[in-house]
Amino acid sequence: SAMTRRAYFGVGFAILVLLALGDLAYTKPDHVSLAGRRASGEAATARAIKPLRFQGFTALHDRRLAPGAVPGIPPVDIEHLLIGPPGVFLLDSKNWLGGPKPQMIGTDLWVGLDNREAMLKRLGVEAQNLTTALGSTLPRGVKVEPVLVIHAKDLRPTPRFLDGVTILLPDQFPSVFGKMRQVMTATQAAKLAETLDRVLPARTGDRPVNR
C-alpha cells in the first residue's frame, strides 16, 4: 500500500498471501499421503491377523533381515511374518481403498493402468531370500511363502495365486489359512516363532504380538 499509494492493492496482496499459506497447510505432498496409506494398510493387516492366534499362529511385525546378516543376501524389510502350523508367510500390505481401482485381468493384477507383475515378482524374491537366510532355522521342507494382502472395496476373484504369490483380502484370512495343510504342530510353530523373534530384529522396537 505504501509503495503504490493504493490501499486496496495492499489488502488484495495480503489476501493472496493468506490463501497461498492456507493451501500449503492443507495440501499434503504425494509422498506423505502414500506413507499414510501404507501405515494404515499395515495396521489394518495387523488387526486382521489377530484372530489367527486361536489357530496356533504367531505374528511378528515390522522386522528386518539386516544388511550383511547373511553374506550374499540383500536386506529384507518385513511388514508381517506369520508363523503357524501351515508354515511361515511373508505378508505385504497394500492399501488401495482410495485412488485407482485394483482388478484382476486375465493372469495379471492391475491398479488403474499399472500392471503390478514386477511388484509380485519382487515379493516372491524377498520370500526366497528370507528362506535362504533363515536356512537351518526353518523345519525341513518349510520355506517362506509370499502373501499380498490387499485392502480394497472389492477384488475378484480372490484368493488368487499369481507369480508364486497368494493374493487375498484381510477378511479371507481365517478361511484361507484355516484350510492349509499343516506341516508342523502348534507347539513346533510356537518354538519356531520364538527363534525367529531372536533372529529378526524389530525395526522400530516392536515386540511380537498375538501369542
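As the structure is a prediction and not an experimental result, all values here were calculated from the model.

Draft legend 1. Spatial organisation of the overall build of the protein. A tally of helices and strands in the protein yields five helices and nine strands. From first element to last, N terminus to C terminus, the protein shows the α and β order α-α-β-β-β-β-β-β-α-β-β-β-α-α. For the protein, buried positions account for 39% of its 211 residues. Pairs at least 24 residues apart make up 64% of the contacts formed inside the protein by residues separated by at least 6 positions. For the protein, the exposed surface amounts to about 12300 Å²; the carbon and sulfur share of it is 57%.

Draft legend 2. How the structure looks around the sheet that holds strand β8 (residues 160-162). Read across the open sheet, the six strands follow the order β1-β2-β3-β7-β9-β8; overall the sheet is mixed. Each edge of the sheet is formed by a strand with only one pairing partner; in this case those strands are β1 (58-65) and β8. Each strand axis lies, on average, 35 degrees off the axis of its neighbour in the sheet, ignoring direction. Note: β8 against strand β9 (residues 165-168), three bridges, orientation antiparallel. By the bridge assignment for β9, leucine 162 is matched with valine 165. In the packing of helix α3 (residues 117-134) onto the sheet, contacts are made with β1, β2 (76-84), β3 (87-95), β7 (144-151), β8 and β9, and the angle to β7 comes to roughly 145 degrees. Packing against the sheet, helix α5 (residues 186-199) makes contact with β1, β2 and β3, and its axis sits at approximately 160 degrees to β2.

Draft legend 3. Representation of the sheet that holds strand β5 (residues 108-111) in the model. An order of β4-β5-β6 is seen for the three strands of this open sheet, with the pairing classed as antiparallel. With one partner strand each, in any of the chains shown, β4 (102-105) and β6 (114-115) form the two edges of the open sheet. Summarising the sheet, β5 and β6 pair through two bridges and their orientation is antiparallel. Along β6, the bridge assignment pairs valine 111 with aspartate 114.

Draft legend 4. Main features of the nonpolar core. Ranked by internal contacts, the top residues of the largest apolar core, which has 37 residues, are Leu81, Leu109, Leu130, Val144, Leu148, Ile150 and Ile167. Elements supplying a minimum of two residues to this core: β1, β2, β3, β5, α3, β7, β9 and α5. The greatest single-element share of this core, amounting to seven residues, is contributed by α3. Ignoring any residue separated from it by four or fewer positions in sequence, one finds leucine 130 in contact with Leu65, Ile78, Leu81, Leu90, Val144 and Leu200. By size, the runner-up hydrophobic cluster in this structure holds 14 residues, among which are Leu52, Ala59, Leu82 and Phe177.

Procedures and definitions
Sequence order as written defines the numbering, with residues in each chain counted from 1. Owing to the predicted nature of the model, reporting of local features is limited to residues with pLDDT of at least 70; listing and counting of side-chain atom pairs is limited to 80 or more, with chain, interface and lining totals taken over all residues. Note: side-chain values were computed over all heavy atoms of the structure, leaving out hydrogens and water. Only DSSP runs of H or I with at least four residues qualify as helices, and only runs of E with at least two residues qualify as strands; both kinds are numbered from the N terminus onward. Throughout, exposure labels follow a simple rule: accessible area from a 1.4 Å probe, protein chains only, divided by the maximum for the residue type, with under 20% read as buried, over 50% as exposed, and the rest as partly exposed. Whether two residues are in contact is decided by their heavy atoms: any pair within 4.5 Å suffices. In these tables, accessible area is a Shrake-Rupley quantity obtained with a 1.4 Å probe, and a residue counts as shielded only by the protein chains included in the view. For two strands to pair, DSSP has to find at least two bridges joining them. Angles shown run from 0 to 180 degrees and are taken between the N-to-C directions of axes, each axis being a line fitted to C-alpha atoms and, for helices, limited to the stretch in contact. What makes a nonpolar core is a set of buried Ala, Val, Leu, Ile, Met, Phe, Trp, Tyr and Cys residues whose side-chain atoms join them at distances within 4.5 Å.

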